[in-house]
Structures are given as structure tokens and as C-alpha cells.
Amino acid sequence: MTSHQTAQTMKPATAAKKLGVYLEATPAEFQEGVVSRTELNALQTEPPEWLQELRRTGPHPRPVVAAKLGVSIAGLARGGVTEALTTEQIDALKTDNPEWLQKERATQADVRKEAVRIKEKNAERAEQEQDRRPRS
């Protein structure tokens, strides 16, 4: 008995998300087809010119915009940014440094500090529990 493996495929939206690009800015043939795991791997290892250009200049999806600005996606929404932005628009926001961006960056820094504190506390607790266990 022989086994036939079918190629694992994904919708263009999923592939665009994995590639970190804005789906609406991709070529029509990418948006209209399905992407196999093999094709996705090829796009990641040897990106074609259109993908390199999208990653360089955008428009970028909100998760990428948030990361480039150092804020959360919710922080973008609170700041009124609901659409994809180009690299040029992101750089302009960084230069202008509006009050909402300063506030959201501070909030994000606090969230990161708290995450580190919790991680350290949990590690300390786990270490203490291990020390209390009887050794055989």
C-alpha cells in the first residue's frame, strides 16, 4: 500500500500574514490562488522582487506597523491608525512623534517590564518548589 501525500495549502490571506505583508498590496495572482507550504518556503528563502519591495516600502499590515512603531495593535487603534501604512508614513510618524505615540510606547514599555517581572517571579517560584521537594 502506498501513501499519497497531498500538498498542504493555505489561503492567500494566511500566506500573506506568514510573510508579513499586506494582502491587498500583493499581485493579483497571489491573491487569487492558493499557496502550498513548498511555495511559501520558497517565497521566504528566495523572495521575488515584488515581495522584497513590499517588505521594504509597504504598505505594511497593522502588526508590522505596530512593531515598527514599538506599540501594540490596540495602541495603533487608540491612536486612530486603522489602515496599512507605508514605510514613509511610519517614518513620518516617528519623526512627528505625536502625543498618542509617546503614550502608547510608554504603555508598551510598561507591559514588557511587567511581563519580565512575572516571568522572573514564576521562575523563582518554580525554583523554590523544586528545592522543597524531597530528594531520593
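Here's what I pulled together on the structure shown here.

A short note on the packing of helix α5 (residues 62-69) against helix α7 (residues 87-96)
One way to put it is that α5 packs onto α7 with a least axis distance of 10 Å and a crossing angle of 35°. The interaxial crossing formed by α5 with α7 has right-handed handedness. Residues Val65, Lys68 and Leu69 of α5 form the contact with α7, whose own contacting residues are Ile90, Leu93 and Lys94. In terms of residue class, the contact of α5 with α7 is built from four nonpolar, no polar and two charged.

Quick look at the side chain of threonine 26
Summarising the element assignment, threonine 26 is placed in the loop between α1 (12-19) and α2 (28-32). Classification of threonine 26 by relative accessible area gives buried; the value is 5%. Within the local environment of threonine 26, its side chain forms a polar contact with the backbone oxygen of leucine 23, the two atoms lying 2.6 Å apart. Sequence-distant contacts of threonine 26, defined by excluding residues within four places in its chain, comprise Val21, Gln31, Trp50 and Leu54.

Observations regarding unusual backbone geometry
Across residues other than glycine, the phi torsion is negative in most instances, and most of the peptide bonds are trans. With omega at 10°, the peptide bond leading from glycine 58 into proline 59 counts as cis. Here proline 59 shows up in the loop between α4 (49-57) and α5.

Points about the side chain of histidine 60
Tracing the backbone shows histidine 60 in the loop between α4 and α5. Taking relative accessible area as the criterion, histidine 60 reaches 2% and is therefore assigned buried. Separated by 2.6 Å, the side chains of histidine 60 and threonine 87 make a polar contact. Once residues lying within four places of it in the same chain are set aside, the contact partners of histidine 60 are Tyr22, Leu54, Arg55, Val65, Lys68, Ala84, Leu85, Thr86, Thr87 and Ile90.

The rules behind each value
Residues numbered from 1 in each chain as written. Predicted model: local features only at pLDDT ≥ 70, side-chain atom pairs only at ≥ 80, totals over all residues. Heavy atoms only, no water. Axes fitted to C-alpha atoms, helices over the stretch in contact; angles between N-to-C directions. Helix = DSSP H or I, 4+ residues; strand = E, 2+ residues; numbered from the N terminus. Left-handed = near helix turned anticlockwise from the far one by under 90°. Contact = heavy atoms within 4.5 Å. Nonpolar A, V, L, I, M, F, W, Y, C, P; charged D, E, K, R; others polar. Buried < 20%, exposed > 50% of the residue type's maximum accessible area, 1.4 Å probe, protein only. Polar contact = N/O pair within 3.5 Å; in protein donor to acceptor, adjacent residues only side chain to side chain.

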